[in-house]
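Here are the chains, one letter per residue:
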Amino acid sequence: MGLAQLVVRSRRVAMPDAIGPASVHVRDGRIVAVAPHDVAPVGCDVLDFGDAVVMPGVVDTHVHVNEPGRTEWEGFESATSAAAKGGVTTLVDMPLNSVPPTVSLGALLEKHRAAKGHCAVDVGFWGGVVPGNERELAPMVSQGGVLGFKCFLVDSGVDEFPRVSEDNLRTSMPILSALGVPLLVHAELPGPIDEAARSQLTFPGSPKKYATHLASRPRAAENQAIALMVGLCRETRARVHIVHHSSSDAIPLLREAKREGLPLTAETCPHYLRFSSEEIPDGATTFKCAPPIREQENRELLWQALGEGMLDMVASDHSPCSPALKHGDTGDFARAWGGIAGLQLSLPVTWTEAHRRGYTLSDIVRWMCVGPAHLAGLENRKGKLAVGLDADMVIWNPEERFRVEPGILRHRHKITPFQGLDLLGTVQRVFVRGKLVFDASGREETRLGQLLGR
Ligand SMILES: [Zn+2]
């Protein structure tokens, strides 16, 4: 492998099994050694970060970039620039909200063309499973390199990405199982949501009230969807991953599936871990997402599940739109786009809340680096500071506070429910494959990100 060209050292390096003094040796973009703190070959560049934390870059497996087709909502340049500033060195793009949606090899190649040369960090892609695209699944993996697939069990919010039925899944899941790629599932079933809509017709609530939005997406929709997916996972042995888990009532189902040894994982998101429905003001549509942010008691049970490993990871579900669609002026939850923008803030939001509850930096590494890298099949390249892996590193100060102001945000429209929060954790520098992609003093290089394939 040869001697290191670059050595990054500090008193707090997050190695796979410990955090302590160490030096990370880098050659040709890869880690060639993790050595004692003071070891460095003669003649190489040494960057000593003192007491700052050197951690594997965050892997965010749930990002809606929206380009091509809805680039006015978000695009590769703005999203990956926000990622770099937030310590995210790999993101995986969701197959919907771009036009075309990534549901065929042709559409995937359009994505590649839109992204290539425009990314500040490494980017992978999820394909979509929609009714009738079974024949596209294998080529999207073998020729296009998608890392897995996403589907919806309920209306996705965009017409061009229809939901799948249980029958559709019985056709596609054995294909995914044979391909060895995961199926990411938006786990809400329409039945309980339709029922809630009918009862809201009888007893209409104000569309400006958060309580009305919360009641429109009952826990039962999630609980039933997860029960269905556990059954299909058992039947087909396809790897199933529940995205943006919100209902704490469904945690026993996850526990049961894991006890049984089923290949099923789940993520939750920073907004479910930070906010609670009780504190969301009426008309504050920046908080709208689906499934919704629920009660404080629900939030604490999500934390407990994360701590126990029933929820495996944290992903941002960064899903911005144009300001008009967010209906900030009308405050109408029924008409506002459901989606929260916060990719850049994922690490400090999660850390601030984790630290408050006694969790450690090692937990953060497990939830935000190792777990998501494994989900995306990138565990041999990303997610750890270990020999042979890409030298993706975030250097940050977990004790330093900052306030979220629009001026610091790099995603396209500076709208986020995290606005105004005081958070712990300032990012100083970020490296992707040994190259500086963010520097708080502004000397970073941009657009060095590569497109990742399986
Ligand atoms: Zn999403």
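Keep in mind it's a predicted model, so treat the numbers as computed, not measured.

Student: Before we go on, may I ask you to explain the coordination of the zinc ion in this structure?
Tutor: In an ideal octahedron of six donors the angles at the metal are 90 or 180 degrees, and in an ideal tetrahedron of four donors they are 109.5 degrees. Protein coordination at the zinc ion: the donors are H62 (NE2), H64 (NE2) and D317 (OD), at 2.1 to 2.2 Å from the metal. Within one chain, the residues serving as donors to the zinc ion are arranged as H-x1-H-x252-D. Separated by 253 residues along the polypeptide, H64 in the loop between β6 (58–63) and α1 (76–85) and D317 in the loop between β14 (313–314) and α11 (346–356) bring together distant segments of the chain. By the burial criterion, H64 is buried, and D317 matches it.

Student: Help me understand the packing of aromatic side chains, please; the structure alone is not making it clear to me.
Tutor: Working definition: an aromatic ring pair is given by the centre-to-centre distance plus the angle between the planes. Evaluation of the coordinates by the stated rule reveals 10 aromatic pairs. Ring plane angle 70 degrees and centroid distance 6.3 Å describe the contact between F76 and F125, whose orientation is recorded as edge-to-face. Of this pair, F76 sits in helix α1 while F125 sits in strand β8 (residues 122–125), and the two are 49 residues apart along the sequence. Across the pair, F125 and F76 agree in class, each one buried. When the centroid spacing of 5.5 Å and the interplanar angle of 75 degrees are considered together, the rings of Y210 and F333 count as edge-to-face. Taken together, the residues Y210 in helix α6 (residues 210–216) and F333 in the loop between β14 and α11 connect sequence positions 123 residues apart. The exposure classification of Y210 matches that of F333, with both residues buried. What links up through ring pairs into an aromatic cluster is the set F275, F287 and F418.

Student: Explain the pattern of salt bridges here, please?
Tutor: Working definition: two side chains of opposite charge can pair if their charged atoms are close together. A full pass over the atoms with the stated rule returns 36 salt bridges. Measuring nitrogen to oxygen at the nearest pair gives 3.3 Å for the salt bridge that ties D390 to R381. Residue D390 is classed as buried on the basis of its relative accessible area, which comes to 5%. Here K382 makes a salt bridge to D390, at a shortest N to O gap of 2.8 Å. Accessibility classification places K382 together with D390 in one group, the buried group. Residues joined in a network through salt bridges with shared partners are R30, D122, R381, K382, D390, D392 and R433.

Student: I tried to follow the sheet that holds strand β9 (residues 127–128) on my own but got confused; where do I start?
Tutor: Paired through their backbone hydrogen bonds, the strands of a sheet run either parallel or antiparallel. An order of β9-β10-β11-β12-β13-β14 is seen for the 6 strands of this open sheet, with the pairing classed as parallel. Of all strands in the sheet, those bounded by a partner on one side alone are β9 and β14. Here strand β11 (residues 183–186) pairs with strand β12 (residues 240–242) via 3 bridges, running parallel. Opposite V185, over in β12, you have I242 as the bridge partner.

Student: What is the right way to look at the pairing of strand β15 (residues 393–403) in this model?
Tutor: Put simply, side chains in a regular strand alternate between the two faces of the sheet. As defined by bridge partners, strand β5 (residues 53–56) adjoins β15 across 4 bridges and the pair is classed as antiparallel. In the strand pairing of β15, V54 is matched with I395. Two elements, β15 and strand β16 (residues 422–432), share 8 bridges in a ladder whose sense is antiparallel. If you follow W396 over to β16, its bridge partner there is V427.

Student: What is the right way to look at the packing of helix α4 (residues 166–179) against helix α7 (residues 219–236) in this model?
Tutor: Geometrically, a packed helix pair is captured by the angle between its two axes and the distance between the axes. Closest axis-to-axis distance for the α4/α7 pair is 10 Å, and the angle between their directions is 45 degrees. The angle between α4 and α7 falls in the class oblique. Relative to α7, α4 is oriented so that their crossing is right-handed. Facing E166, L169, R170, M173, P174 and S177 of α4, the residues of α7 in contact are L228, M229, L232, C233, E235 and T236.

Student: For this particular structure, what's the right way to read the environment of F333?
Tutor: Residue F333 is classed as buried on the basis of its relative accessible area, which comes to 2%. Distance from F333 to G283, taken between C-alpha atoms, is 7.0 Å for residues 50 residues apart in sequence. Residues within four places of F333 in sequence aside, it is in contact with P207, K208, K209, Y210, H213, P281, D282, G283, A284, T285 and K288.

Student: I'm lost on the nonpolar core in this one. Help?
Tutor: Grouped together as the largest cluster of nonpolar side chains are 103 residues, with contacts concentrated most on M55, F149, L183 and M229. Residue contributions to this core peak at 7 residues, all from α7. Other than its neighbours up to four places away in sequence, M55 contacts A14, L347, I364, V365, C369, L385, D392, M393, V394 and W396. In this structure, F161, L184, W337 and L375 belong to the second largest nonpolar core, which totals 23 residues.

Student: Would you take a moment to explain the environment of V121 for this structure?
Tutor: Counting through the fold element by element, V121 comes out in the loop between α2 (105–115) and β8. We classify V121 as buried; its relative accessible area is 0%. When the C-alpha positions of V121 and L3 are compared, they lie 25 Å apart, and in sequence the two are 118 residues distant.

Student: Just checking my understanding: could you explain the sheet that holds strand β7 (residues 88–93) for this structure?
Tutor: Read from one edge to the other, the open sheet built from 3 strands follows the order β6-β7-β8, with strand pairing classed as parallel. If you trace the sheet from one side to the other, it starts and ends with β6 and β8, each paired once. Taken over all neighbouring pairs, the strand axes of this sheet differ in orientation by 20 degrees on average, direction set aside. In this structure, β7 lies alongside β8, joined through 4 bridges in parallel fashion. Opposite D93, over in β8, you have F125 as the bridge partner.

Conventions we followed
- Residues numbered from 1 in each chain as written.
- Predicted model: local features only at pLDDT ≥ 70, side-chain atom pairs only at ≥ 80, totals over all residues.
- Heavy atoms only, no water.
- Donors = N, O, S within 2.8 Å, 3.2 Å for Na, K, Ca; no water.
- Helix = DSSP H or I, 4+ residues; strand = E, 2+ residues; numbered from the N terminus.
- Buried < 20%, exposed > 50% of the residue type's maximum accessible area, 1.4 Å probe, protein only.
- Phe/Tyr/Trp six-rings, centres within 6.5 Å; stacked < 30°, edge-to-face > 60°.
- Salt bridge = Lys/Arg side-chain N within 4 Å of Asp/Glu carboxyl O.
- Pairing = 2+ DSSP bridges.
- Axes fitted to C-alpha atoms, helices over the stretch in contact; angles between N-to-C directions.
- Parallel < 35°, antiparallel > 145°, perpendicular 65-115°, else oblique.
- Left-handed = near helix turned anticlockwise from the far one by under 90°.
- Contact = heavy atoms within 4.5 Å.
- Core = buried A, V, L, I, M, F, W, Y, C linked by side-chain atoms within 4.5 Å.

So yeah, pure geometry; function would need other evidence.
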